Amino acid sequence: MWRLPGRSALRGVRSVVERRSPAEAGTHEAVRAMERAVVRCVPSEPKLSLSFALADGSHKNMQRDQSEPLGRALSRIATNALKGHAKVAAAKKSRKNRAHSSGGAACAATGPEPVATCEPVVKLYYREEAVAEDVLNVDAWQDGAVLQIGDVKYKVERNPPTFTELQLPRYIMAGFPVCPKLGVEFGDPASSVFRWYKEVKPGAAEPGDSGPASSSHSSQPSAWIETGVDERVYTPCNADIGLRLRLHCTPGNGQRFGPSRELESLCPVEAGPGTCTFDHRHLYTKKVTEDSFIRTVSYNILADTYAQTEFSRTVLYPYCAPYALELDYRQNLIQKELTGYNADLICLQEVDRAVFSDSLVPALEAFGLEGVFRIKQHEGLATFYRKSKFRLLSQHDISFQEALKSDPLHKELLEKLALNPLAQEKVLQRSSVLQISVLQSTTDSSKKICVANTHLYWHPKGGYIRLIQMAVALVHIRHVSRDLYPGIPVIFCGDFNSTPSTGMYHFVISGSIAEDHEDWASNGEEERCSMPLSHCFKLKSACGEPAYTNYVGGFHGCLDYIFIDLNTLEVEQVIPLPSHEEVTTHQALPSVSHPSDHIALVCDLKWK
């Protein structure tokens, strides 16, 4: 009899038992004739879970204390198995009774089938030896053990790669990439196997059929055929319109595979909106740039928390079709637009936390990008970088108000601001944040870059607040790029809510601003907080000064910029913005063909 002398400390995964489809058989060699019993055992949790299928076809998901003796768990399994056998026997008896009532004495001659009344033998074996019943559960359920329930044997899989979450988007449109939301324990999407199927409607001719479909097909349920796509992302074509999609996927970790799962789209593929504002721009970004270039995107994607208000629907964007403001619809456009830029860096503003985790991460991860998120209040900032080109070295995010109050770097600025308590109060009420990521080249470790991302205060009369926020941002960026990582290039992206005629823009480009600038009194004389400011950088707007980057019914102007350090970076090319005709096709932004009220800035930068 086998006993384990010590306790093993294994990390675990959530176990999910799913039926295996015939398609899984060719996926990997781990598929055996033996049934599987999946065990999830995590050292930090008091219980382990055990999942397996019974003879009646039902799945059992048991939670047992890790410190419980094995014998108790086996006894409980035996009780469950007995119930399962009883169900099977009762079902057989019911079928015979129905046959008897319809077939007469011929069926009665067979007599009733006896129902099992004793529990089936339940044993756990490891290396062909029975495990002692006083061994604790945490030690007994080893990977590769065999659980026997009556005549059925189960191979124990402890902590296999497992999907903890798997979901398809609600809106699926032809021409737009479908990126399933995935959660994997003890595995990773890159090592997992995916296979896409599409529906064949009853009566439709399948590939290879000739002539009209047989009338008998009309009564058949929908069938499924392979699309030929075995990658995580599938982009439906026009031929898929009206058909549902099915995804069969098997989680893996490079060494073994876990239980497969299948899911189907709730709705059929819909027709897309036609030409989008970014389609022509994608002609310039068909390929990922070479290592010496950094394709950079800055984009305010319009937070769902703002798009879905009654004020937005009736006042801000009354011209926009209501369905085009829905998040599920806009996410399709955002994903297609961003993935089509083949960018190395993407700085996003107005990113809902759920949009980051449920939509952007899975979509951009599938195209080789990794991201970090910084919450502001109701939404936040996200920075994505291409994993083949960069790795994340460090993060240096701040809240402007917290940094101003507590960081010695801003002591002098705070003292000047304190001379006007009313202005100081207004500045410290703002929740704006700055996200800074230091990235290192994967091909040349000596190359590092400081990527800053922000969204400054929005109010038209908040010019002096934006000046203070920018002063804090530039001091903090200087600390990171000069003190912590001396001499590294700076890329500063964001929605700065400032046109080229404002004090904030003048301050950034010229390097200083006088105390008599009109923006110090942007909200009236009583809030004036005049002070001279300067910074040490030589910055340029990489995309110049477009006529507008924000276009809504009551306003249009340039509010977004990609500022670069001219001493270390130069502009290779700027991807043209959509034409005015494209922007105004549906009056203004957002629209059915554009997901935000802002327009993405895209440019290719080059190391000097």
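Going by the structure above, here's the rest.
Quantities reported herein were computed from a predicted structural model and do not represent experimental measurements. (Residues numbered from 1 in each chain as written. Predicted model: local features only at pLDDT ≥ 70, side-chain atom pairs only at ≥ 80, totals over all residues. Heavy atoms only, no water.)

(A) Geometry of the overall build of the chain. Within the chain one finds 14 helices and 30 strands. Of all 608 residues assigned to the chain, the portion counted as buried reaches 50%. Partitioning the intrachain contacts of the chain with sequence separation of at least 6 by distance along the chain shows that 73% fall at a separation of at least 24. Entry remark: accessible area of the chain is about 27200 Å², with carbon and sulfur atoms responsible for 50%. (Helix = DSSP H or I, 4+ residues; strand = E, 2+ residues; numbered from the N terminus. Buried < 20%, exposed > 50% of the residue type's maximum accessible area, 1.4 Å probe, protein only. Contact = heavy atoms within 4.5 Å. Areas by Shrake-Rupley, 256 points an atom, 1.4 Å probe, with all protein chains shown as cover.)

(B) Local environment of the pairing of strand 21 (residues 448-455). Of all eight residues making up strand 21, seven are buried, and the element is well covered by its neighbours. Looking at chain direction, strand 20 (residues 433-441) and strand 21 are connected through seven bridges and run antiparallel. Across the sheet, Leu434 pairs through a bridge with Thr454, a residue of strand 21. Linkage of strand 20 to strand 21, two consecutive antiparallel strands, is achieved through a turn of six residues. The sheet contact formed by strand 21 and strand 22 (residues 490-495) spans six bridges and is parallel. Following the sheet pairing, Val451 is matched in strand 22 by Ile491. Between strand 21 and its parallel partner strand 22, the chain crosses via helix 12 (residues 463-484), and the hand of that crossover is right-handed. (Pairing = 2+ DSSP bridges. Right-handed = clockwise from strand over helix to strand, strands pointing away.)

(C) Region of the structure containing the pairing of strand 28 (residues 560-565). Of all six residues that make up strand 28, six are buried, and the element is covered over most of its length. Here strand 28 shows a buried face lined by Asp560, Ile562 and Ile564 and a second buried face lined by Tyr561, Phe563 and Asp565. Two elements, strand 22 and strand 28, share five bridges in a ladder whose sense is antiparallel. Within strand 28, the position partnered with Gly494 by the bridge is Tyr561. Taken together, the three bridges between strand 25 (residues 539-541) and strand 28 define a ladder with antiparallel strand orientation.

(D) Representation of unusual backbone geometry within the structure. Leu589 connects to Pro590 through a cis peptide bond whose omega is -5°. With respect to the element layout, Pro590 can be found in the loop between helix 14 (580-583) and strand 30 (601-607). Here the phi dihedral of Asn159 falls at roughly 55°; this positive angle occurs in a residue that is not glycine. Looking at the element boundaries, Asn159 is found in the loop between strand 7 (152-158) and strand 8 (162-167). The phi torsion at Leu302 lies on the positive side, around 70°, for a residue other than glycine. Inspection of the secondary structure puts Leu302 in the loop between strand 14 (293-300) and helix 4 (304-307).

(E) Up close: the sheet that holds strand 29 (residues 569-574). Read from one edge of the open sheet, six strands run 16-17-15-14-30-29, paired in mixed fashion. With one partner strand each, in any of the chains shown, strand 16 (369-375) and strand 29 form the two edges of the open sheet. Taking the axes of each pair of neighbouring strands and ignoring which way they run, one obtains an average angle of 25° across the sheet. (Axes fitted to C-alpha atoms, helices over the stretch in contact; angles between N-to-C directions.)

(F) Just the packing of aromatic side chains, in detail. A full pass over the atoms with the stated rule returns 15 aromatic pairs. Each ring, one from Tyr317 and one from Tyr319, has its centre 6.5 Å from the other, and the planes form 75°; the classification is edge-to-face. Taken as a pair, Tyr317 and Tyr319 share a single burial class, namely buried. Within the aromatic cluster, the residues linked to one another by ring pairs are Phe492, Phe496, Tyr505, Tyr561 and Phe563. (Phe/Tyr/Trp six-rings, centres within 6.5 Å; stacked < 30°, edge-to-face > 60°.)

(G) Representation of the sheet that holds strand 7. The sheet built from seven strands is open, its strands ordered 3-2-1-7-6-4-5 with mixed pairing. Two strands lie at the open edges of the sheet, namely strand 3 (59-65) and strand 5 (129-130), each paired on one side alone. Examined bridge by bridge, strand 4 (residues 122-126) and strand 6 (residues 146-149) share four bridges and lie antiparallel to one another. Among the inter-strand pairings, Leu124 is bridged to a residue of strand 6, identified as Leu147.

(H) Structural view of the side chain of Gln469. Mapped onto the secondary structure, Gln469 falls in helix 12. Looking at Gln469, its side chain comes within polar contact range of the main-chain nitrogen of Tyr457, at 3.1 Å. In contact with Gln469, other than residues within four places in its own chain, are Phe400, Arg430, Ser432, Leu456 and Tyr457. (Polar contact = N/O pair within 3.5 Å; in protein donor to acceptor, adjacent residues only side chain to side chain.)

(I) Broad picture of the environment of Lys461. Relative to the assigned elements, Lys461 resides in the loop between strand 21 and helix 12. As for Lys461 and Gly524, which are separated by 63 residues in sequence, their C-alpha atoms are 8.7 Å apart. Residues contacting Lys461, with those up to four places away along its chain left out, are Ser522 and Asn523.

(J) Highlighting the nonpolar core. Ranked by size, the top nonpolar core spans 46 residues in total, and within it Leu434, Met470, Ile477, Phe492 and Trp520 carry the most contacts. Top contributing element to this core by residue count: helix 12, with eleven residues. Sequence-distant contacts of Ile477, defined by excluding residues within four places in its chain, comprise Leu434, Ile436, Cys450, Ala452, Val490, Phe492 and Phe537. Cys320, Ala324, Leu338 and Leu369 belong to the second-largest nonpolar core, a separate cluster that totals 43 residues. (Core = buried A, V, L, I, M, F, W, Y, C linked by side-chain atoms within 4.5 Å.)

(K) Structural detail: the pattern of salt bridges. A complete count under the given rule lists 26 salt bridges for this structure. Across the salt bridge formed by Lys181 and Asp358, the nearest N and O atoms sit 2.8 Å from each other. Taken together, the residues span a long stretch of sequence, with Lys181 in strand 9 (residues 181-185) and Asp358 in helix 8 (residues 353-365) at a distance of 177 residues. Classification of Lys181 as buried rests on a relative accessible area of 13%. (Salt bridge = Lys/Arg side-chain N within 4 Å of Asp/Glu carboxyl O.)

(L) Structural detail: the packing of helix 7 (residues 327-340) against helix 8. Close contact between helix 7 and helix 8 brings their axes to 10 Å; oriented N to C, the two are set at 35°. Judged by the twist between their axes, the crossing of helix 7 over helix 8 is right-handed. Contact residues: Leu327, Gln331, Ile334, Gln335, Leu338 and Thr339 in helix 7; Val355, Ser359, Leu360, Ala363 and Leu364 in helix 8. The class makeup of the residues in the contact of helix 7 with helix 8 is seven nonpolar, four polar and no charged. (Left-handed = near helix turned anticlockwise from the far one by under 90°. Nonpolar A, V, L, I, M, F, W, Y, C, P; charged D, E, K, R; others polar.)

(M) Representation of a nonpolar patch on the surface within the structure. A cluster of nonpolar side chains, contributed by Phe311, Val315 and Leu316, occupies part of the molecular surface with about 270 Å² of accessible area. Structurally, Phe311 is set in helix 5 (residues 310-316). The partly exposed category is assigned to Phe311, whose relative accessible area is 47%. (Patch = residues over 30% accessible without salt bridge, like charges linked within 9 Å, V, L, I, M, F, W, Y side chains within 5 Å.)

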